[in-house]
Amino acid sequence: MTMTEGQRVAKHRAGWRPDRLREQREAHGLTLEKAGERLRAVAEQAKLKGIPAANPQTLWQHEQGEVFPGPHYRRAYCLLYQATEPDLGFRTALPGEETTYKLTPVSDRLNGAHVLAVERAVHRIAPGSGEADHHFNLQQRIIDAWKRRHTGGDPHRPVLILVGGFAGSGKTELARFLVQLTGWPLLDKDPLTRPLVERLLVALGGDPNDRHTELYREHVRSVEYDCLMQSAMANIRCGISTVLSAPFIAEMTDPAWMQRLANRASAMGVDVFPVWVQCDEDSMREYIGFRSAARDAWKLARWDEYMATIDLDMRPAVPHLVVDNRLGTAVTLADQARQAMGAMYA
(Lines give C-alpha, C1' and ligand atoms only; values in the text may rest on other atoms or scores of the structure.)
Protein backbone atom coordinates (compact mmCIF):
# COMPACT_ATOMS: atom_id res chain seq x y z
CA MET A 1 0.00 0.00 0.00
CA THR A 2 1.40 3.39 -0.98
CA MET A 3 1.43 6.00 1.77
CA THR A 4 -0.07 9.40 1.06
CA GLU A 5 1.89 12.61 1.53
CA GLY A 6 -0.15 13.37 4.64
CA GLN A 7 0.74 9.97 6.10
CA ARG A 8 4.45 10.44 5.40
CA VAL A 9 4.39 13.85 7.05
CA ALA A 10 2.52 12.51 10.07
CA LYS A 11 4.97 9.68 10.68
CA HIS A 12 7.91 12.09 10.84
CA ARG A 13 6.32 15.19 12.37
CA ALA A 14 8.44 16.38 15.27
CA GLY A 15 6.50 16.41 18.54
CA TRP A 16 3.33 14.93 17.00
CA ARG A 17 1.33 13.23 19.79
CA PRO A 18 -1.99 12.06 18.28
CA ASP A 19 -3.04 10.47 21.56
CA ARG A 20 -3.53 13.95 23.05
CA LEU A 21 -6.10 14.82 20.39
CA ARG A 22 -8.11 11.74 21.30
CA GLU A 23 -7.77 12.54 25.02
CA GLN A 24 -9.13 16.05 24.44
CA ARG A 25 -12.12 14.72 22.51
CA GLU A 26 -12.93 12.16 25.17
CA ALA A 27 -12.45 14.74 27.95
CA HIS A 28 -15.14 16.84 26.24
CA GLY A 29 -17.43 13.82 26.07
CA LEU A 30 -17.58 13.80 22.28
CA THR A 31 -17.88 10.93 19.87
CA LEU A 32 -16.00 11.14 16.59
CA GLU A 33 -19.25 12.00 14.82
CA LYS A 34 -20.18 14.73 17.32
CA ALA A 35 -16.66 16.15 17.28
CA GLY A 36 -16.89 16.37 13.49
CA GLU A 37 -20.17 18.27 13.72
CA ARG A 38 -18.73 20.78 16.16
CA LEU A 39 -15.51 21.10 14.17
CA ARG A 40 -17.52 22.02 11.07
CA ALA A 41 -19.51 24.56 13.09
CA VAL A 42 -16.35 26.16 14.47
CA ALA A 43 -14.80 26.26 10.99
CA GLU A 44 -17.92 27.87 9.54
CA GLN A 45 -18.03 30.50 12.28
CA ALA A 46 -14.33 31.27 11.78
CA LYS A 47 -14.67 31.10 7.99
CA LEU A 48 -11.83 28.58 7.79
CA LYS A 49 -11.62 26.92 4.41
CA GLY A 50 -10.36 23.40 3.83
CA ILE A 51 -12.65 21.53 6.25
CA PRO A 52 -15.31 20.28 3.82
CA ALA A 53 -16.30 17.18 5.77
CA ALA A 54 -14.56 16.62 9.13
CA ASN A 55 -16.03 13.14 8.95
CA PRO A 56 -15.37 10.51 11.64
CA GLN A 57 -12.89 8.66 9.45
CA THR A 58 -10.75 11.79 8.95
CA LEU A 59 -10.80 12.60 12.66
CA TRP A 60 -9.90 9.00 13.49
CA GLN A 61 -6.92 9.18 11.11
CA HIS A 62 -5.78 12.36 12.88
CA GLU A 63 -6.09 10.74 16.30
CA GLN A 64 -4.28 7.60 15.19
CA GLY A 65 -1.40 9.56 13.71
CA GLU A 66 -2.03 8.28 10.19
CA VAL A 67 -2.68 11.74 8.73
CA PHE A 68 -1.30 14.98 10.13
CA PRO A 69 -4.03 17.68 10.20
CA GLY A 70 -3.58 20.56 7.77
CA PRO A 71 -3.27 24.15 9.03
CA HIS A 72 -6.99 24.99 9.03
CA TYR A 73 -7.87 21.69 10.68
CA ARG A 74 -5.35 22.49 13.42
CA ARG A 75 -6.77 25.98 13.87
CA ALA A 76 -10.29 24.54 14.14
CA TYR A 77 -9.18 21.91 16.65
CA CYS A 78 -7.56 24.61 18.81
CA LEU A 79 -10.76 26.65 18.77
CA LEU A 80 -13.01 23.66 19.42
CA TYR A 81 -11.01 22.40 22.40
CA GLN A 82 -9.87 25.87 23.56
CA ALA A 83 -6.26 24.77 23.54
CA THR A 84 -2.94 25.49 21.87
CA GLU A 85 -1.18 23.30 19.31
CA PRO A 86 1.28 21.97 21.93
CA ASP A 87 -1.68 21.20 24.23
CA LEU A 88 -3.22 19.11 21.46
CA GLY A 89 0.03 17.33 20.67
CA PHE A 90 0.51 18.77 17.20
CA ARG A 91 4.04 19.86 18.04
CA THR A 92 6.40 20.64 20.88
CA ALA A 93 6.14 24.08 22.44
CA LEU A 94 8.56 26.82 21.46
CA PRO A 95 10.84 28.11 24.23
CA GLY A 96 8.75 30.30 26.50
CA GLU A 97 5.49 29.49 24.68
CA GLU A 98 2.50 29.45 26.97
CA THR A 99 0.20 26.45 27.00
CA THR A 100 -3.11 25.65 28.68
CA TYR A 101 -4.35 29.06 27.53
CA LYS A 102 -7.76 29.84 29.03
CA LEU A 103 -10.25 31.39 26.65
CA THR A 104 -12.74 34.04 27.66
CA PRO A 105 -16.32 32.89 26.95
CA VAL A 106 -18.02 34.83 24.20
CA SER A 107 -20.79 35.87 26.60
CA ASP A 108 -18.20 37.73 28.71
CA ARG A 109 -17.13 40.06 25.91
CA LEU A 110 -16.72 43.14 28.05
CA ASN A 111 -15.16 41.72 31.21
CA GLY A 112 -11.53 41.99 32.28
CA ALA A 113 -10.63 38.50 31.03
CA HIS A 114 -11.86 39.45 27.59
CA VAL A 115 -9.54 42.45 27.53
CA LEU A 116 -6.70 40.23 28.75
CA ALA A 117 -7.23 37.82 25.84
CA VAL A 118 -6.77 40.64 23.37
CA GLU A 119 -3.80 42.13 25.19
CA ARG A 120 -1.99 38.79 25.29
CA ALA A 121 -2.48 38.37 21.57
CA VAL A 122 -1.30 41.89 20.79
CA HIS A 123 1.81 41.37 22.88
CA ARG A 124 3.00 38.80 20.34
CA ILE A 125 4.27 41.96 18.63
CA ALA A 126 7.70 42.48 20.18
CA PRO A 127 10.63 44.83 19.64
CA GLY A 128 12.81 43.59 16.81
CA SER A 129 15.43 46.24 17.34
CA GLY A 130 16.24 49.16 19.62
CA GLU A 131 13.92 51.89 20.84
CA ALA A 132 11.64 49.46 22.66
CA ASP A 133 9.48 52.22 24.14
CA HIS A 134 8.63 53.45 20.66
CA HIS A 135 7.50 49.98 19.63
CA PHE A 136 5.47 49.27 22.74
CA ASN A 137 3.66 52.47 21.86
CA LEU A 138 2.13 50.67 18.87
CA GLN A 139 0.83 47.89 21.10
CA GLN A 140 -0.92 50.46 23.27
CA ARG A 141 -2.34 52.26 20.24
CA ILE A 142 -3.86 49.05 18.91
CA ILE A 143 -5.41 48.19 22.25
CA ASP A 144 -6.67 51.75 22.75
CA ALA A 145 -8.17 51.82 19.26
CA TRP A 146 -9.96 48.55 19.94
CA LYS A 147 -11.33 49.80 23.27
CA ARG A 148 -12.35 53.16 21.81
CA ARG A 149 -14.25 51.76 18.84
CA HIS A 150 -17.33 51.67 21.07
CA THR A 151 -16.75 54.99 22.83
CA GLY A 152 -15.49 57.15 19.96
CA GLY A 153 -12.32 59.14 19.56
CA ASP A 154 -8.63 58.26 19.47
CA PRO A 155 -6.12 60.65 21.08
CA HIS A 156 -3.16 59.34 19.07
CA ARG A 157 -1.71 60.46 15.77
CA PRO A 158 -2.72 58.21 12.85
CA VAL A 159 -0.36 55.30 12.10
CA LEU A 160 0.81 53.49 8.99
CA ILE A 161 1.66 49.87 9.80
CA LEU A 162 3.71 47.88 7.27
CA VAL A 163 3.29 44.14 7.91
CA GLY A 164 6.03 42.34 5.98
CA GLY A 165 7.44 38.84 5.70
CA PHE A 166 8.24 36.06 3.29
CA ALA A 167 5.53 34.20 1.35
CA GLY A 168 3.49 31.96 3.63
CA SER A 169 4.75 33.59 6.83
CA GLY A 170 1.26 34.56 8.02
CA LYS A 171 1.53 38.31 7.44
CA THR A 172 -1.93 38.68 5.89
CA GLU A 173 -3.56 36.79 8.75
CA LEU A 174 -1.78 38.95 11.32
CA ALA A 175 -2.67 42.14 9.41
CA ARG A 176 -6.33 41.10 9.38
CA PHE A 177 -6.22 40.53 13.11
CA LEU A 178 -4.90 44.05 13.71
CA VAL A 179 -7.66 45.41 11.48
CA GLN A 180 -10.34 43.48 13.36
CA LEU A 181 -9.10 44.94 16.65
CA THR A 182 -8.72 48.53 15.52
CA GLY A 183 -11.20 49.05 12.70
CA TRP A 184 -8.41 50.52 10.58
CA PRO A 185 -8.54 49.73 6.84
CA LEU A 186 -6.36 46.98 5.36
CA LEU A 187 -4.54 47.35 2.06
CA ASP A 188 -3.32 43.90 1.00
CA LYS A 189 -0.95 44.06 -1.96
CA ASP A 190 -2.08 40.90 -3.74
CA PRO A 191 -5.84 41.52 -4.10
CA LEU A 192 -5.23 45.24 -4.58
CA THR A 193 -2.73 44.96 -7.44
CA ARG A 194 -3.08 41.45 -8.88
CA PRO A 195 -5.35 42.35 -11.85
CA LEU A 196 -2.97 45.13 -12.87
CA VAL A 197 0.13 42.96 -12.40
CA GLU A 198 -1.27 40.05 -14.40
CA ARG A 199 -2.36 42.21 -17.34
CA LEU A 200 0.92 44.09 -17.35
CA LEU A 201 2.93 40.86 -17.40
CA VAL A 202 0.86 39.53 -20.32
CA ALA A 203 1.23 42.83 -22.18
CA LEU A 204 5.01 42.53 -21.77
CA GLY A 205 4.94 38.99 -23.16
CA GLY A 206 5.29 37.24 -19.83
CA ASP A 207 3.40 34.78 -17.64
CA PRO A 208 0.62 36.39 -15.57
CA ASN A 209 1.69 34.26 -12.57
CA ASP A 210 5.36 35.23 -12.82
CA ARG A 211 6.81 36.56 -9.57
CA HIS A 212 10.42 35.41 -9.98
CA THR A 213 11.91 36.47 -13.33
CA GLU A 214 13.83 39.58 -14.26
CA LEU A 215 10.81 40.74 -16.27
CA TYR A 216 8.70 40.91 -13.11
CA ARG A 217 11.43 42.30 -10.87
CA GLU A 218 12.63 45.02 -13.26
CA HIS A 219 9.43 46.13 -14.99
CA VAL A 220 6.43 45.17 -12.83
CA ARG A 221 7.30 44.96 -9.15
CA SER A 222 7.99 48.67 -8.75
CA VAL A 223 4.62 49.52 -10.32
CA GLU A 224 2.91 47.03 -8.01
CA TYR A 225 4.38 48.59 -4.87
CA ASP A 226 3.80 52.11 -6.17
CA CYS A 227 0.07 51.34 -6.46
CA LEU A 228 0.04 49.99 -2.91
CA MET A 229 1.86 52.97 -1.44
CA GLN A 230 -0.17 55.56 -3.33
CA SER A 231 -3.34 53.94 -1.96
CA ALA A 232 -1.86 54.16 1.53
CA MET A 233 -0.97 57.81 1.05
CA ALA A 234 -4.52 58.58 -0.01
CA ASN A 235 -5.68 57.23 3.35
CA ILE A 236 -3.15 58.93 5.57
CA ARG A 237 -3.68 62.28 3.85
CA CYS A 238 -7.18 62.00 5.30
CA GLY A 239 -5.76 61.14 8.73
CA ILE A 240 -6.87 57.49 8.50
CA SER A 241 -4.65 54.92 10.20
CA THR A 242 -3.92 52.12 7.73
CA VAL A 243 -2.47 48.59 7.80
CA LEU A 244 -0.49 47.39 4.76
CA SER A 245 0.26 43.73 4.03
CA ALA A 246 3.01 42.85 1.53
CA PRO A 247 6.40 41.11 1.63
CA PHE A 248 8.27 44.46 1.71
CA ILE A 249 11.53 42.50 1.39
CA ALA A 250 13.46 45.12 -0.61
CA GLU A 251 11.71 48.04 1.04
CA MET A 252 12.26 47.17 4.70
CA THR A 253 15.91 46.37 4.08
CA ASP A 254 16.49 49.73 2.40
CA PRO A 255 17.07 52.41 5.07
CA ALA A 256 16.75 55.20 2.49
CA TRP A 257 13.35 53.95 1.27
CA MET A 258 12.06 53.61 4.81
CA GLN A 259 13.37 57.06 5.77
CA ARG A 260 11.65 58.67 2.80
CA LEU A 261 8.39 57.01 3.77
CA ALA A 262 8.77 58.08 7.41
CA ASN A 263 9.51 61.66 6.32
CA ARG A 264 6.45 61.83 4.04
CA ALA A 265 4.21 60.35 6.71
CA SER A 266 5.59 62.61 9.45
CA ALA A 267 4.89 65.67 7.32
CA MET A 268 1.23 64.59 7.38
CA GLY A 269 1.25 63.91 11.13
CA VAL A 270 1.40 60.12 10.74
CA ASP A 271 3.71 57.62 12.48
CA VAL A 272 5.16 54.61 10.59
CA PHE A 273 5.61 51.20 12.23
CA PRO A 274 7.33 48.37 10.30
CA VAL A 275 6.29 44.92 11.59
CA TRP A 276 8.20 41.82 10.47
CA VAL A 277 6.50 38.40 10.65
CA GLN A 278 9.03 35.70 11.45
CA CYS A 279 8.29 32.14 10.36
CA ASP A 280 10.03 28.82 9.74
CA GLU A 281 10.61 27.04 6.44
CA ASP A 282 8.29 24.07 7.05
CA SER A 283 5.35 26.26 8.08
CA MET A 284 5.81 28.58 5.11
CA ARG A 285 5.88 25.66 2.70
CA GLU A 286 2.77 24.18 4.29
CA TYR A 287 0.80 27.43 4.07
CA ILE A 288 1.93 28.15 0.52
CA GLY A 289 0.92 24.67 -0.58
CA PHE A 290 -2.38 24.91 1.24
CA ARG A 291 -3.50 28.15 -0.38
CA SER A 292 -2.79 26.73 -3.88
CA ALA A 293 -2.27 30.12 -5.52
CA ALA A 294 -1.10 30.06 -9.13
CA ARG A 295 1.56 32.66 -8.35
CA ASP A 296 3.18 30.16 -5.95
CA ALA A 297 3.56 27.32 -8.46
CA TRP A 298 7.17 28.21 -9.27
CA LYS A 299 8.13 28.29 -5.58
CA LEU A 300 6.59 24.91 -4.84
CA ALA A 301 8.07 23.27 -7.93
CA ARG A 302 11.57 24.58 -7.13
CA TRP A 303 11.40 24.87 -3.37
CA ASP A 304 15.11 24.36 -2.64
CA GLU A 305 16.02 26.87 -5.34
CA TYR A 306 13.54 29.36 -3.91
CA MET A 307 14.76 28.92 -0.33
CA ALA A 308 18.33 29.55 -1.48
CA THR A 309 17.23 33.07 -2.44
CA ILE A 310 15.90 34.05 1.00
CA ASP A 311 17.42 34.49 4.42
CA LEU A 312 15.14 33.45 7.29
CA ASP A 313 17.27 35.49 9.67
CA MET A 314 16.76 38.67 7.64
CA ARG A 315 15.30 41.63 9.49
CA PRO A 316 14.41 45.19 8.48
CA ALA A 317 17.32 47.62 8.44
CA VAL A 318 15.39 50.18 10.50
CA PRO A 319 13.81 50.04 13.98
CA HIS A 320 10.94 47.57 13.75
CA LEU A 321 8.73 45.11 15.59
CA VAL A 322 8.66 41.33 15.23
CA VAL A 323 5.75 38.89 15.37
CA ASP A 324 7.06 35.37 15.99
CA ASN A 325 4.80 33.12 13.93
CA ARG A 326 7.08 30.11 13.83
CA LEU A 327 4.93 26.96 13.81
CA GLY A 328 1.87 29.20 13.54
CA THR A 329 2.06 30.36 17.17
CA ALA A 330 0.94 33.94 16.54
CA VAL A 331 -1.93 32.97 14.23
CA THR A 332 -3.18 30.50 16.84
CA LEU A 333 -3.12 33.18 19.53
CA ALA A 334 -4.94 35.60 17.22
CA ASP A 335 -7.62 32.95 16.63
CA GLN A 336 -8.07 32.53 20.37
CA ALA A 337 -8.41 36.28 20.88
CA ARG A 338 -10.98 36.46 18.07
CA GLN A 339 -12.98 33.71 19.68
CA ALA A 340 -12.82 35.45 23.03
CA MET A 341 -14.14 38.61 21.37
CA GLY A 342 -16.86 36.77 19.51
CA ALA A 343 -15.34 38.15 16.31
CA MET A 344 -14.37 34.98 14.46
CA TYR A 345 -13.70 35.59 10.82
CA ALA A 346 -10.59 35.14 8.74
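This text follows the structure it describes.
Report on the accompanying structure. Worth saying up front: this structure is predicted, and the values here are computed from it rather than measured.

So, how was this worked out
Residues numbered from 1 in each chain as written. Predicted model: local features only at pLDDT ≥ 70, side-chain atom pairs only at ≥ 80, totals over all residues. Heavy atoms only, no water. Phe/Tyr/Trp six-rings, centres within 6.5 Å; stacked < 30°, edge-to-face > 60°. Helix = DSSP H or I, 4+ residues; strand = E, 2+ residues; numbered from the N terminus. Buried < 20%, exposed > 50% of the residue type's maximum accessible area, 1.4 Å probe, protein only. Arc of directions from axis to C-beta. Contact = heavy atoms within 4.5 Å. 1 Å grid on protein atoms, 1.4 Å probe; cavity = no way out; pocket = protein on both sides within 12 Å on 5 of 7 lines; lining within 4 Å. Points joined across faces, edges and corners; volume = space filled by probe spheres on them. Nonpolar A, V, L, I, M, F, W, Y, C, P; charged D, E, K, R; others polar.

Under the defined criterion, the tally for this structure stands at 10 aromatic pairs. Aromatic side chains tyrosine 77 and phenylalanine 90 sit 5.9 Å apart centroid to centroid with 45° between the ring planes, which places their arrangement in the tilted category. Taken together, the residues tyrosine 77 in helix H5 (residues 71-81) and phenylalanine 90 in the loop between H5 and helix H6 (112-122) connect sequence positions 13 residues apart. Assigned by exposure class, tyrosine 77 and phenylalanine 90 land together as buried. Ring geometry for phenylalanine 166 against tryptophan 276: centres 5.5 Å apart, planes inclined by 85°, an arrangement best described as edge-to-face. Here tryptophan 276 lies in strand E5 (residues 271-278) and phenylalanine 166 lies in the loop between strand E2 (159-164) and helix H8 (171-182), a separation of 110 residues in the sequence.

For helix H2 (residues 18-27), the complete set of buried residues consists of Pro18, Leu21 and Arg25. Angularly, the buried residues of H2 cover 55° about the axis, an arc narrow enough to put them on a single face. Those residues of H2 that are buried are in contact with helix H3 (32-46), helix H4 (56-64) and H5. Positive phi shows up at glycine 29, right after H2, with a value of about 70°.

Right, let's get into empty space enclosed by the protein. Enumeration according to the criterion identifies three cavities of 30 Å³ or more in this entry. Empty space within the largest cavity amounts to approximately 40 Å³. Residue lining of the largest cavity: Phe166, Ser169, Trp276, Val277, Gln278, Cys279, Met284, Leu312 and Arg315, and that is the complete set. Per-class residue counts for the lining of the largest cavity are six nonpolar, two polar and one charged.

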